[in-house]
Amino acid sequence: MGTQQLGRSIFCTGFCVRGRFCQRSSRFQSLGTPLQRPPLTRQNIRRTFRKVAQQTSTAYDVMYTSDAPYYVYEQQKSMLQKITVVKFADNHVMKEVAGATALILDASGSIHSLYREGTPITGSYWDIGSLLPGLVPDGPIGILGLGAGTVAHLMNHFWPGVKMEGWELDPKIYPVARDHMGLQQLEDSGALVCHVGDALAEDAAVPGGFAGIVVDLFAEGQVLPALQQAEVWKQMAKKLKPGGRVLANISDNRALAEAIITAFPEAQGHVPINANTRNYVALTGPPVSEDVWQTFPEQLKYCTTGWQPLKDLLWDL
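Residues numbered from 1 in each chain as written. Predicted model: local features only at pLDDT ≥ 70, side-chain atom pairs only at ≥ 80, totals over all residues. Heavy atoms only, no water.

Caption draft 1: View of the nonpolar core. One finds L103, L131, L132, I141, M155, M164 and L192 to be the most contacted residues of the largest nonpolar core, which totals 56 residues. Excluding residues that lie within four positions of it along the chain, L131 makes contacts with W159, W293, F296, L300, C303, T304 and W307. Counting 37 residues, the second-largest nonpolar core is a separate cluster that includes W167, L200, V223 and F264. (Core = buried A, V, L, I, M, F, W, Y, C linked by side-chain atoms within 4.5 Å. Buried < 20%, exposed > 50% of the residue type's maximum accessible area, 1.4 Å probe, protein only. Contact = heavy atoms within 4.5 Å.)

In structure tokens form, the structure reads like this:
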């Protein structure tokens, strides 16, 4: 498989936990004596996740104590990448991840998916992604870069009955997401259909078109080069039904934002809602009226303010 095809299909949410934690398990080094308590800096978690992602063992558990930051549910290596699933302590000092299960797919230290059973709100840009069903006509939602299904869980919670179709290149992500991150229940309920393949391929579509498409495609923490081409977004527009919209995580990539503006001149933008991230979000279509925003679930209301023309945000990218 060529690197271009690989890069076009592996995704990343771009949410990197740059925070503080209290203790790291000795299992990440030599399985010997516990490490000294590290200094409380905002880079420790990301460095440790890089170390976890670079481990060579195929699967193991880490001792979990009340003051430990997380333990590893599972780690395995596919033909494409290292897959790691970790569980954070309920008392983790980073409230965005406390008590959550996270999917890490590469050595960048980025969290690609986050899951809390019964508590879907993440406090990060995934919450913005879940706005889409309330902004589009009835019909299926495409999720390009499904991962373990963070956005799918949010949509299923806030918009019962919505049908979703998700794409992911690496087939080994789905089994660990089913085992540890609730993906199986979405599939069993009929809310979600999981596809394996290139999310930007022509056949990543449904008859009659999508009502909306969520785009969350990154590789090794970087925007896919293909997404910086306006033609890719113009082709994506053809997969929408009339009145459909695209909602995309654009990180802080100016070239990507410019490509979207070329294809969708009316696109709106939203600054990061989490101070620890640089996840700007783009929404195609005309501006949403305040009357429409007022109909949204209360827990999502915090994501409905602050929208502005995407072109006005270019100065910050």
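Caption draft 2: View of unusual backbone geometry. Of note, the phi angle at S251 is positive, near 55 degrees, even though the residue is not glycine. Within the fold, S251 resides in strand β11 (residues 240-251). (Helix = DSSP H or I, 4+ residues; strand = E, 2+ residues; numbered from the N terminus.)

Caption draft 3: Region of the structure containing helix α7 (residues 230-237). Three or more residues of α7 are buried, namely A230, V232, W233 and M236. Looking straight down α7, one finds its buried side chains confined to an arc of 160 degrees; they lie on one side. Tucked inside the fold, the buried residues of α7 contact β5 (141-144), β8 (210-215), β11 and α8 (254-263). (Arc of directions from axis to C-beta.)

Caption draft 4: View of the sheet that holds strand β7 (residues 192-196). Read across the sheet, eight strands follow the order β7-β6-β5-β8-β11-β13-β12-β14 without closing on themselves; strand pairing throughout is mixed. For this open sheet the edge positions go to β7 and β14 (308-309), each flanked by a neighbour on one side alone. Both strand β6 (residues 164-168) and β7 contribute to a ladder of five bridges, which runs parallel. Paired with M164 across the bridge in β7 is L192. Along the sheet face, helix α5 (residues 173-180) touches β6 and β7 and points at about 125 degrees away from the line of β6. (Pairing = 2+ DSSP bridges. Axes fitted to C-alpha atoms, helices over the stretch in contact; angles between N-to-C directions.)

Caption draft 5: Up close: the pairing of β8. Taken across its six residues, β8 has six buried, putting it largely inside the fold. Strand direction decides the pairing type here: β5 and β8, joined by four bridges, are parallel. Across the sheet, residue G142 finds its bridge partner in β8, namely I213. By the bridge criterion, five bridges tie β8 to β11 in an arrangement that is parallel. Its bridge partner being in β11, V214 is matched across the sheet by L247.

Caption draft 6: Inspection of the packing of aromatic side chains at higher detail. Taken as a whole, this structure holds five aromatic pairs when the rule is applied. Here the aromatic rings of W293 and F296 are separated by 5.1 Å at their centres, their planes lie at 55 degrees, and the arrangement is tilted. Feature note: the residues W159, W293, F296 and W307 constitute an aromatic cluster, connected by ring pairs. (Phe/Tyr/Trp six-rings, centres within 6.5 Å; stacked < 30°, edge-to-face > 60°.)

Caption draft 7: A look at the side chain of T150. Structurally, T150 is set in helix α4 (residues 150-158). T150 gets classed as buried once you look at its relative accessible area, which sits at 5%. At a separation of 2.8 Å, a polar atom in the side chain of T150 contacts the main-chain amide nitrogen of L114. (Polar contact = N/O pair within 3.5 Å; in protein donor to acceptor, adjacent residues only side chain to side chain.)

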